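Architecture and fold: a report
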Amino acid sequence: QSVWGYDSENGPEHWHENYPMAKGDKQSPIEINSKDVQHDSSLSAWHASYDPGAAKTILNNGRTCRVVFDDTFDRSVLRGGPLTGAYRLRQLHLHWGSADDHGSEHVIDGVKYAAELHLVHWNPKHGNFAGALKQPDGVAVVGVFLKVGKTPKPEMKRILEEIDNIKTKGKEAPFQHFDPSILFPKSRDYWTYHGSFTTPPCEECITWILLREPIEVSPDQMARLRSLSKNGENEPLCPLVDNWRPVQPVKGRIVRASFK
Ligand SMILES: NS(=O)(=O)c1c(F)cccc1F
Ligand SMILES: [Zn+2]
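To keep things clear, this report deals only with the structure shown in the data block.

With respect to the coordination of the zinc ion (ligand 2)
- Each protein donor to the zinc ion (ligand 2) is listed here as H93 (NE2), H95 (NE2) and H118 (ND1); together their distances run 2.0 Å.
- Given four donor atoms and angles of 101 to 115° at the metal, the environment of the zinc ion (ligand 2) is assigned as tetrahedral.
- Counting residues between consecutive donors of the zinc ion (ligand 2) along the chain gives the motif H-x1-H-x22-H. Accessibility assignment for this pair places H93 and H95 in one class, buried.

Considerations on the layout of surface pockets
- Estimates place the volume of the largest pocket at around 450 Å³.
- Lining the largest pocket are 23 residues, with R66, Q91, H93, F197 and T199 sitting closest to its centre.
- Only strand 5 (65-69), strand 7 (87-96), strand 9 (115-122) and strand 13 (206-211) provide two or more residues apiece to the lining of the largest pocket.
- It is strand 7 that provides the largest number of residues to the lining of the largest pocket, a total of four residues.

A short note on the state of the cysteines
- Per the stated rule, a full pass over the model turns up zero disulfides.
- Free of any disulfide, C238 has its nearest cysteine sulfur in C65, 17 Å distant.
- C238 sits in the partly exposed class, given a relative accessible area of 30%.

Description of the pairing of strand 13
- Of all six residues in strand 13, six are buried, a share of seventy percent or more.
- A two-sided burial pattern is seen for strand 13, the buried positions comprising I206, W208 and L210 on one face and T207, I209 and L211 on the other.
- Across six bridges, strand 12 (residues 190-195) lies against strand 13 in antiparallel orientation. By the bridge assignment, Y193 is partnered in strand 13 with W208.

A word on the environment of D74
- On the secondary structure map, D74 appears in the loop between strand 5 and strand 6 (77-80).
- Judged by its relative accessible area of 42%, D74 falls in the partly exposed class.
- Among all residues touching D74, those that are not within four sequence positions of it are A86, R88 and P124.
- At a separation of 2.5 Å, a polar atom in the side chain of D74 contacts the side chain of R88.

Details of unusual backbone geometry
- Here S28 and P29 are connected by a cis peptide whose omega angle stands at 0°.
- With respect to the helices and strands, the residue P29 is situated in the loop between helix 1 (15-18) and strand 1 (31-32).
- Following P200, the chain continues into P201 via a peptide bond in cis, with omega recorded as 10°.
- Along the chain, P201 falls in the loop between strand 12 and strand 13.
- Its identity as a non-glycine residue notwithstanding, N234 has a phi of 65°, on the positive side.
- Within the fold, N234 resides in the loop between helix 4 (219-225) and strand 15 (256-257).
- N234 sits in the exposed class, given a relative accessible area of 80%.
- For D242, which is not glycine, the phi torsion reads 60° and is therefore positive.

Quick notes on the rules
- Residues numbered from 1 in each chain as written.
- Chains lettered and ligands numbered in written order.
- Predicted model: local features only at pLDDT ≥ 70, side-chain atom pairs only at ≥ 80, totals over all residues.
- Heavy atoms only, no water.
- Donors = N, O, S within 2.8 Å, 3.2 Å for Na, K, Ca; no water.
- Tetrahedral: all angles 85-135°; square planar, octahedral: opposite > 155°, others 65-115°.
- Buried < 20%, exposed > 50% of the residue type's maximum accessible area, 1.4 Å probe, protein only.
- 1 Å grid on protein atoms, 1.4 Å probe; cavity = no way out; pocket = protein on both sides within 12 Å on 5 of 7 lines; lining within 4 Å.
- Points joined across faces, edges and corners; volume = space filled by probe spheres on them.
- Helix = DSSP H or I, 4+ residues; strand = E, 2+ residues; numbered from the N terminus.
- Disulfide = S-S within 2.5 Å.
- Pairing = 2+ DSSP bridges.
- Contact = heavy atoms within 4.5 Å.
- Polar contact = N/O pair within 3.5 Å; in protein donor to acceptor, adjacent residues only side chain to side chain.

Here's what the structure looks like:
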């Protein structure tokens, strides 16, 4: 039984075989068309208050590069925007392509970015992360688009420097004293809609908050991300790239914008 992945034999077209939610009506990612977006003036600003001391480790799980945070209490939280209450930061990870013209999961007016950063938070009113997955208001993910330009994003350096220590699947390294809000762009403008995990089990528990302004990274920074391998140590080299799910049917969902 092949574990899910992004290859032709275990990729997004196969996920529904083991994870029926993958064919649900509120799946993510989606394409956002500005003409269909509804400006909602009642949407407030979102606020992240993260404790740098909550950062714990960085790991390569063969499918992405993930930074894990201590979420045993309200230590690093996201509130406001479309959310009710404080959601705890649990992990961040990225999705990226094999070239600069694709890699993001959400697509904006036909534009695919080189990568997409996801900061995953869960609603503590549901007890734990596993419980939150079963609730429509269980999880909140902030998505930040990465575009390639001339100027490297110095704040990405911390993550990219650690990559040399987690080159292969299963590798983990300490990752402390890190406040991921330094990765946010200047503008707080966002789109929000209700959707799902973009990986199995594809639970429809996510309030998506997608930032309109991309952050810029350099070609070298993207090359570094693409230097991760999905294979384990001493296995044949298999570059970890194109770990993104294609856009899913919107099925009548409304995407709201915090901006005009
Ligand atoms: N991509 S995503 O942000 O939907 C996501 C989660 F929220 C949680 C776990 C894995 C994962 F990939
Ligand atoms: Zn993700």
